[in-house]
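Each chain, written out:
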Amino acid sequence: MDRLVIEGGRPLSGTVPVSGAKNAALPILIATLLTDEPCVVENCPTALRDIRTTVRLLESLGKRATVEGAAVRVESTGSLKTQAPYDIVKQMRASVLAAGPLLARFGLVRVPIPGGCAIGLRPIDIHLKGFEAMGARRIADQGDIILSAPRLKPGVVKLRFPSVGATENLMTAAAAVPGRTVIRNAAREPEIEDLGAFLTKLGAKVTGAGTATVTVEGRARLHGARHKVIPDRIEAGTFLIAAAAARGLVRLTGADAGHLEAVIAALRRTGATVKSGRGWIELRMERRPKPVSVRTEPYPGFPTDLQAPWMALMTLAAGFAKVRETVFENRFMHAAELARMGAQIAASGGTAVVAGVERLSGAPIMASDLRAGAALLIAALAAKGRTVISRVYHIDRGYEAVEKKLARAGARVERLK
Ligand code: EPZ
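Residues numbered from 1 in each chain as written. Predicted model: local features only at pLDDT ≥ 70, side-chain atom pairs only at ≥ 80, totals over all residues. Heavy atoms only, no water.

Participant: Please clarify how the sheet that holds strand 23 (residues 412-416) should be interpreted in this entry.
Facilitator: Note on sheets: strands pair through backbone hydrogen bonds, and any given pair is parallel or antiparallel. Spatial ordering of the open sheet is given by 21-22-1-23, a layout of four strands whose pairing is mixed. Edge positions in the sheet fall to strand 21 (364-366) and strand 23, since each of these pairs with one other strand and no more. Pairwise comparison of adjacent strand axes, ignoring direction, gives a mean angle of 25 degrees for this sheet. By the bridge criterion, five bridges tie strand 1 (residues 3-8) to strand 23 in an arrangement that is antiparallel. By the bridge assignment, Leu4 is partnered in strand 23 with Arg415. Packed on one face of the sheet, helix 12 (residues 370-382) meets strand 1, strand 21, strand 22 (385-390) and strand 23 and runs near 35 degrees to strand 1. (Pairing = 2+ DSSP bridges. Helix = DSSP H or I, 4+ residues; strand = E, 2+ residues; numbered from the N terminus. Axes fitted to C-alpha atoms, helices over the stretch in contact; angles between N-to-C directions. Contact = heavy atoms within 4.5 Å.)

Below, the structure written as C-alpha cells:
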C-alpha cells in the first residue's frame, strides 16, 4: 500500500491544473448505457480509481470502454446485461446509477444494494421510491434489488431530500422514457447540470437542471454524443484550502469559481485574498487564518466534501470555529487523526468545535476515506516536520497524481510505493 511522505511547514507557490470532476464524470459515463451509439466523454480524471472502476462496470455490462488520455470512448458490442456485479458495486457505490438507464431501456434490472461506508449508512431508498413513482416494482433478493417495469411511466417524482445520486439516477432513467418527467426537490449540484447537458446531447430535453425542479422530456431512442466534463470543484476547493493552511500564493487553472461561491466566501473571511477569472482562481494567504464556522448543506451551501479539509484549516485558526456536518451522519473520522498532529477538536454528533493552535506537528497518520485523507494532506502541508500518511488509496479515489500537482506548488510530497 502506498504512503505519502510530506515535509511540511513550507508555504505553497505555483500553478496547479484542476482535473475534470469525478462526480460529474461517473454519472455521465454510466448514462452512456442509454444508447447503442458511440459516446466520447472528455476531460475525465482517468487516472482515478473510481473512473477505472466505472470503465470496468461498463464492460461488465457489455460495453467497450477505452481510455484515451483524459477521454473515455464508450461503444456498443451487442446486447447489454441488466445485472451489475457485486464485486464492482462494493468498490464503488455510484455503480447503483446503472439501475436507472437499464431499467428504463430493458424493463428489468438487478443491482446489489451498496452497503454503508466510512462516512454513513447511505441508503438508496430515495432512488427506489423514485423508480416506484415511475411505475417500477421492486423485490429484494440475496442482497440485490430487482426492479421491474415493462414500461416506466413519465410523471412527477418528489424527493424527500435532494439526493445527488437519486436525482441523477432518475434523470437518466427519465431520458429514455417518452413523455415528461418532473423531479421536484432535486439536487442542484453543478454535476447535475452537467449530466443534464449530456442527456440533452443524447436527444432527451432536460430543463431546470441546477434548480430544485428538473424536467426531462425523454425519448425511446437516444443517440451518441461527445461531451466535456466540468472542472472538479472539490479538487479545486481542496487546493485552495491547502494554500490557505500552508500559506503562500497558488493559482488554479481549469477551475470554475462560480461553482465554489460558498467556499470562496468562507476563505475570504479567514483573511485569504481570492481572485478569479474565466477558468482560473488564485488564493494568497499571508497570515494565520481567522476562525470561520461552517455548516454543510446541499449545493449551493458549503459542500460536505470540503468539510474535512475545512476542519484541517480551522485547526490552525486564531480562535474557535464550529464545523457542523448535516449531510452525512459519520463524517468526522479525520478529527482523531488531526489530534495526533496536535489539533484540538471536540466532536459530538454532527458538530465539532475546533480550538485553533499555532502549529501542528508532523506525525504518522492514516486516511479513513477520500476527503478525510485530503484533510490530513492539508494538515501535513502546514505542519512542522514530517508526516507519513498511510491508506493513500482513499486519496487516490478522488485526486489525480496529487503529489505531482502539489509539487507544482512547491510542496515536498513523496510517494512511497
Ligand atoms: C454524492 O454522493 C457524491 N458522490 C458524494 O461525494 C457527495 O458527498 C454527496 O453526493 C453529497 O454532495 C458522487 O457524486 C459519486 P446523496 P451521493 O445521495 O449521491 C442520504 C466524494 O467524496 N440518502 O446526495 O451518494 C445519504 O445517506 C463523495 O466524492 C438517503 O438517505 O449523495 C446522505 O446522508 C462522497 N437515501 C445524504 O442523503 C437515499 O436514497 C446525501 O446523499 C440517498 C441518499
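Participant: I would appreciate a short explanation of the domain arrangement of the chain in the present structure.
Facilitator: Interfaces are often sized by the accessible area lost when the parts come together. Parsing the chain into structural domains produces domain 1 (3-19 + 231-416) and domain 2 (22-218). On a C-alpha basis, the centroid separation for the pair domain 1 and domain 2 is 30 Å. Both sides together, the interface formed by domain 1 and domain 2 hides about 1,900 Å², and carbon and sulfur atoms give 52% of it. The largest contributions to the domain 1 side of the interface with domain 2 come from Tyr299, Arg397 and Glu400, which together make up 33% of the buried area. Across the domain 1-domain 2 interface, the total number found is two salt bridges. Here Arg233 and Glu191 are joined by a salt bridge, their closest N and O atoms 2.8 Å apart. Counting across the domain 1 and domain 2 interface gives 10 residue pairs in polar contact (both at pLDDT 80 or more). Where the side of domain 1 that touches domain 2 is concerned, the elements lending two or more residues are helix 12 and helix 13 (393-396). Looking at the side of domain 1 that touches domain 2 residue by residue, the class counts come to eight nonpolar, five polar and 10 charged. (Domains from an automatic or database assignment. Buried area = accessible area lost by both parts, 1.4 Å probe. Salt bridge = Lys/Arg side-chain N within 4 Å of Asp/Glu carboxyl O. Polar contact = N/O pair within 3.5 Å; in protein donor to acceptor, adjacent residues only side chain to side chain. Nonpolar A, V, L, I, M, F, W, Y, C, P; charged D, E, K, R; others polar.)

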